[in-house]
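Survey of secondary and tertiary structure
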Amino acid sequence: MEIKIKGTMSYIKVWLDKRMVKISGEKVVNGFVAFKDTIREWSEPEGAPITEAEKKLIISAVEEKTKDSTFMKIRFE
């Protein structure tokens, strides 16, 4: 599974394979706090609902990708 993460001060965009989800949150020192409850539907393909299993997959993929980062750790609340 290919994962790519880009972000701003108030959201991150996560690409998993050919799908993308925008997750709201807050930039904090050395990281980002993402809000789980904003993971509802894919932005690409637009409006496609995210299942509970996909939500868990997104969260675990993001945490795994950033766990050893000294620049940007992403955690979920």
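What this report covers is the structure whose coordinates are included nearby. (Residues numbered from 1 in each chain as written. Predicted model: local features only at pLDDT ≥ 70, side-chain atom pairs only at ≥ 80, totals over all residues. Heavy atoms only, no water.)

A count of helical and extended segments in the chain gives one helix and five strands. A compact globule built from 77 residues should have a C-alpha radius of gyration of about 11 Å, and the chain, at 11 Å, falls within 12% of that. A principal-axis box enclosing the C-alpha atoms of the chain has dimensions of 35 × 25 × 20 Å. Here the chain, with 77 residues, has 34% of them falling under the buried criterion. When the accessible surface of the chain is summed, it comes to about 5,100 Å², and 51% of that surface belongs to carbon and sulfur atoms. Here the chain carries 15 positive and 13 negative side-chain charges, and the mean point of each set is 4 Å from the other. (Helix = DSSP H or I, 4+ residues; strand = E, 2+ residues; numbered from the N terminus. Rg over C-alpha atoms; globule rule 2.2 N^0.38 Å. Buried < 20%, exposed > 50% of the residue type's maximum accessible area, 1.4 Å probe, protein only. Areas by Shrake-Rupley, 256 points an atom, 1.4 Å probe, with all protein chains shown as cover. Lys, Arg positive; Asp, Glu negative; His and termini not counted. Charge placed at Lys NZ, Arg CZ, Asp CG, Glu CD.)

Attention now goes to the pattern of salt bridges. A full pass over the atoms with the stated rule returns three salt bridges. Residue R19 is joined to E54 by a salt bridge in which the shortest nitrogen-to-oxygen separation is 2.8 Å. Within this pair, whereas R19 is found in strand β3 (residues 19-28), its partner E54 is found in helix α1 (residues 52-66), the two being separated by 35 residues in sequence. The salt bridge partner of K67 is E64, with a shortest N-O separation of 3.1 Å. Exposure remark for E64: the relative accessible area of 49% places this residue in the partly exposed category. (Salt bridge = Lys/Arg side-chain N within 4 Å of Asp/Glu carboxyl O.)

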